[in-house]
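An overview of the molecular structure
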Amino acid sequence: MAQPPTWWTPVPHVDGPLQVGQQPTADRYQWLVESVQEVIFEADPEGRWTYLNPAWTRALGHEVEDCLGKPFLDYVHPEDRQRNLDVFVETLSTGKEKCRFEARYLTADGGVKWMEIHAWIFRSADGQPLGSTGTLTDVTVRRLAEIELEHRATHDVLTSLPNRALLDQELAAAIERAAASGEPLALFFLDLDRFKLVNDSLGHDAGDEVLKAVGERLRDLARPVDIVGRFGGDEFIVVSESATSAAIRPLTRRLHEGFQAPFAVAGKQIVLSVSVGAAELSGDAAAAAVAAGDIARAAHDLVRDADSAMYHAKESGRDRTEIFSASTRERIVDRFDTETELRQGISRGELRLEYQPQIDLGSGHVVGVEALVRWDHPERGVLLPAAFMAVAEETGLIAPLGRWVLGEACRTLAAAEKNGTPFPRMAVNISAREMSAGIVDELAEVLAETGAPPDRLCLELTESALLADADAAQTTMAELASLGVGLSLDDFGTGFSSLAYLQRLPLCELKIDRTFVDQIHDTNGRALVTAVIRLADSLGLETVAEGVERLDQARALVDLGCATGQGFLFGRPASLAD
């Protein structure tokens with residue numbers, strides 16, 4: 001037989017269940033009141049307990065005898081007392097008969113329980129309050145579950161920082177306070193530099209640990225009154241109130257210095273830098289937003305501006321802070337417009353190739369051409385790569401752009417071969433992103449489709465493209481060379497190539513950067529060009545000098561033993577017909 005619950009007490013002087021229509025005795029009523037789980041109370045008009053059933057002790061641990069005659073507020077959590085009192089005062093003063101609310105009550109052992117209060121007011125014939133009665137029900141389990149759900153809805157699960165939803169609320173409240181005080185508000189948008197390398201090298205679990213550690217460090221670096229939240233991914237936001245323009249730089253300096261200490265993750269010491277964008281909202285602007293009922297727009301614009309400044313910090317070399325200005329916004333808008341228009345331009349056929357001749361410096365004969373992309377913009381005219389290539393790299397448009405250039409160059413090679421006027425050689429530039437995006441398969445497919453002779457195609461790669469992942473680049477280059485194409489190292493000497501690494505690459509050519517050609521008559525410049533040419537000779541590689549614009553430069557190159565030159569002296573990039 002099931003045992004009765006621990007709070008149950010035997011029914012006194014009861015022979016059996018009530019018969020239909022039989023009224024309970026006083027003893028039975030008392031037993032019911034003393035046996036229920038809910039706390040039943042009565043209090044006088046001053047809020048002092050006059051009756052508590054045994055459930056009070058079972059729920060909160062306080063002995064009933066010790067509590068009678070004492071104010072009920074003594075047992076309410078200090079943070080809830082005023083609200084509790086306000087509810088009772090309102091109920092008494094407005095003539096209401098009952099009220100219902102929740103509050104935290106203190107337990108005898110120093111803990112806290114959430115209680116749901118149902119109270120009824122006793123009143124005299126003329127409406128004067130004589131006291132109250134009601135019940136207290138323990139709703140701690142439900143209330144803690146609700147609090148946890150609310151926390152999950154407003155806080156980032158990984159870092160426990162406010163998430164975007166709560167950040168919106170906190171920022172709106174901060175703008176209202178700025179409007180009232182007249183003090184400025186600063187928002188810092190932070191993005192971890194090269195965080196992807198952590199995930200790629202150590203795994204996403206380690207990446208999550210880093211993000212947790214970053215959240216903790218930001219809380220330590222920010223002021224206690226600052227709002228710190230995770231915007232998403234590896235992006236964080238710090239909102240500082242009463243932060244003047246003069247205070248922004250010291251605040252960001254503190255952030256950068258704080259990131260110099262390594263993070264201990266997965267048994268490794270990881271050093272991360274952070275790019276920061278800062279934007280300020282003046283007290284007057286905050287007041288105007290509040291007056292216009294446009295706080296949400298002001299908050300959105302502040303985040304947008306700080307985000308724009310952060311991207312500018314990334315573009316300017318990372319690990320730095322940029323403060324938003326009107327020119328920052330113009331630059332971001334221009335980049336966005338360029339991305340959109342370039343995407344459309346590729347699909348609408350607005351791109352074309354021009355070709356710059358490469359000359360044998362000894363005979364003056366054309367020995368090759370370099371294919372250079374041009375964008376016939378419908379409004380801005382002919383755009384050179386400098387106007388759009390950086391945007392293409394950042395946005396990933398370099399992949400479809402590169403495919404188009406490679407395909408067009410191969411079609412030109414194939415057509416010339418078919419017409420009996422073959423090119424000696426055609427050079428095509430390849431970006432770092434193309435190197436890591438399946439270029440071998442793409443090139444094999446293009447060569448098969450167009451019928452272009454691979455031995456007439458030379459792919460030019462920059463040192464930076466190779467240094468991004470040296471081992472992978474070496475493998476990719478070997479696969480490209482196996483297709484029969486030539487490989488050239490562009491802008492040689494401007495990066496940090498290792499000579500030991502260089503001799504392992506299947507290159508056929510080194511291109512001397514134009515900056516060295518410009519300085520060929522200086523002692524140091526001439527020495528650098530000489531060193532590059534001798535290095536190429538020792539490795540069995542051809543040399544091509546870029547940016548040759550004067551006859552004296554060409555003659556100096558001939559004297560130093562450079563085989564091929566390219567530049568305005570011999571011809572500007574032009575259409576195939578020209």
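Residues numbered from 1 in each chain as written. Predicted model: local features only at pLDDT ≥ 70, side-chain atom pairs only at ≥ 80, totals over all residues. Heavy atoms only, no water.

1. A few points about the overall build of the chain
Counted only if it meets this: Here a helix means four or more residues in a row that DSSP labels H or I, a strand means two or more in a row labelled E, and each is numbered from the N terminus. In this setup the radius of gyration rests on C-alpha atoms only. A globule is expected at 2.2 Å times the number of residues raised to 0.38. Whether a residue is buried, partly exposed or exposed follows from its accessible area with a 1.4 Å probe, protein chains only, as a fraction of its type maximum: under 20%, in between, or over 50%, in that order. Contacts are assigned to residue pairs that have any heavy atoms within 4.5 Å of one another. The Shrake-Rupley method, run with a 1.4 Å probe, gives the accessible areas here. Residue values count only the displayed protein chains as cover.
Broken down by element type, the chain carries 22 helices and 21 strands. In terms of C-alpha radius of gyration, the chain reaches 39 Å, well past the compact-globule figure of 25 Å for 578 residues. Its C-alpha atoms put the chain at 125 × 65 × 45 Å along the principal axes. Considering the chain as a whole, with its 578 residues, one finds that 44% of them fall into the buried category. Summarising the internal contacts of the chain: among those between residues at least 6 apart in sequence, 61% fall at separations of at least 24. For the chain, the exposed surface amounts to about 29400 Å²; the carbon and sulfur share of it is 53%.

2. Notes on the layout of surface pockets
To find leftover empty space, a probe the size of one water molecule is rolled over the atoms. Let me state the cut-off plainly: The definitions used throughout rest on a 1 Å grid laid over the protein atoms alone, on which a cavity is an enclosed set of points accommodating a 1.4 Å probe that cannot get out and a pocket is an open set flanked by protein within 12 Å on both sides along at least five of seven lines; lining residues are those having an atom within 4 Å of a point. Grid points are joined across faces, edges and corners, and a volume is the space filled by probe spheres set on the points. Under the scheme applied, nonpolar residues are Ala, Val, Leu, Ile, Met, Phe, Trp, Tyr, Cys and Pro; charged residues are Asp, Glu, Lys and Arg; polar residues are all the others, including Gly.
In this structure, the second largest pocket encloses a volume near 1000 Å³. As for the second largest pocket, its lining consists of 37 residues, of which Glu-370, Leu-372, Pro-385, Met-389 and Asn-429 are closest to the centre. Elements represented by at least two residues in the lining of the second largest pocket include exactly strand S14 (366–377), helix H13 (389–395), helix H14 (398–418), strand S16 (426–430), helix H15 (432–435), strand S17 (457–462), helix H17 (463–467) and strand S18 (486–492). Ranked by residue count, the leading element in the lining of the second largest pocket is S14, at five residues. Of the residues assigned to the lining of the second largest pocket, the class counts are 17 nonpolar, nine polar and 11 charged.

3. A closer look at empty space enclosed by the protein
Applying the stated criterion across every chain, the model contains three cavities of 30 Å³ or more. In this structure, the largest cavity encloses a volume near 60 Å³. The wall of the largest cavity is formed by Phe-188, Leu-221, Ala-222, Arg-223, Asp-226, Val-238, Ser-240, Leu-251, Arg-254 and Leu-255. Examining the composition of the lining of the largest cavity, we find that three residues originate from one element, helix H9 (residues 245–258), more than from any other. The residue inventory of the lining of the largest cavity, partitioned by class, reads six nonpolar, one polar and three charged.

4. Observations concerning H14
This is how it is decided: For a helix, the expected span equals 1.5 Å multiplied by the residue count minus one.
Relative to the 30 Å expected for 21 residues at 1.5 Å per residue, H14 spans 30 Å between its end C-alpha atoms, a close match to the ideal helical length. Within H14, burial applies to Ile-398, Leu-401, Gly-402, Val-405, Leu-406, Gly-407, Ala-409, Cys-410, Thr-412, Leu-413, Ala-414 and Ala-416. Gly-420 sits one or two positions beyond H14 and adopts a positive phi of about 80 degrees.

5. A word on the confidence of the model for the chain
Using the following cut-off: Each residue gets a pLDDT score, which is the predictor's confidence in that residue and runs from 0 to 100.
For the chain, the average pLDDT comes to 87, and 92% of its residues sit at 70 or higher. Across the chain, strand S21 (residues 564–565) holds the top mean pLDDT of 95, while H17 sits lowest at 67.

6. A look at the packing of aromatic side chains
Heads up, the rule is: For Phe, Tyr and Trp, where Trp contributes only its six-membered ring, two rings pair if their centres lie within 6.5 Å, and the inter-plane angle classes them as stacked under 30 degrees, edge-to-face over 60, or tilted in between. Here, a charge over a ring is recorded when the distance from Lys NZ or Arg CZ to the ring centre is within 6 Å and its angle to the ring normal is within 35 degrees.
According to the stated counting rule, one finds 10 aromatic pairs in the structure shown. Plain terms: the ring middles of Trp-56 and Tyr-105 are 6.4 Å apart, the flat faces sit at 90 degrees to each other, and that makes the pair edge-to-face. Of this pair, Trp-56 sits in helix H2 (residues 55–60) while Tyr-105 sits in strand S3 (residues 98–106), placing them 49 residues apart in sequence. Clustering of aromatic rings is evident, with ring pairs tying together Phe-41, Trp-49, Trp-56, Phe-72, Tyr-75, Phe-88, Phe-101 and Tyr-105. In this arrangement the basic side chain of Arg-164 is found over the ring face of Phe-231, its NZ or CZ atom lying 4.0 Å from the centre. The ring centre of Phe-568 lies 3.9 Å from the NZ or CZ of Arg-572, which sits over that ring.

7. Topic: the sheet that holds strand S1 (residues 39–43)
Strand pairing within a sheet occurs via backbone hydrogen bonds; the two strands may be parallel or antiparallel. Note the threshold: A pair of strands counts as paired when DSSP detects no fewer than two bridges linking them. All axes are obtained by fitting lines to C-alpha atoms, using only the stretch in contact for helices, and the reported angles, taken between N-to-C directions, cover 0 to 180 degrees.
Pairing in this open sheet of five strands is antiparallel, and the strands run S2-S1-S5-S4-S3 from one edge to the other. Two strands close off the open sheet at either side, each with one partner strand: strand S2 (49–52) and S3. Sheet twist, expressed as the mean angle between neighbouring strand axes with direction ignored, is 25 degrees. By the bridge criterion, nine bridges tie strand S4 (residues 112–123) to strand S5 (residues 129–138) in an arrangement that is antiparallel. Paired with Met-115 across the two strands is Asp-138, which belongs to S5.

8. Description of the sheet that holds strand S8 (residues 235–241)
One open sheet accounts for five strands, arranged S7-S8-S6-S11-S12; its pairing is mixed. A single partner strand is all that each edge strand has here, and the edge strands are strand S7 (227–232) and strand S12 (321–323). Strand-to-strand, the axes of this sheet are offset by a mean angle of 20 degrees, without reference to chain direction. In terms of strand pairing, strand S6 (residues 185–192) meets strand S11 (residues 274–281) through eight bridges, oriented antiparallel.

9. Re the side chain of Ser-488
Relative to the assigned elements, Ser-488 resides in strand S18. Ser-488 sits in the buried class, given a relative accessible area of 0%.

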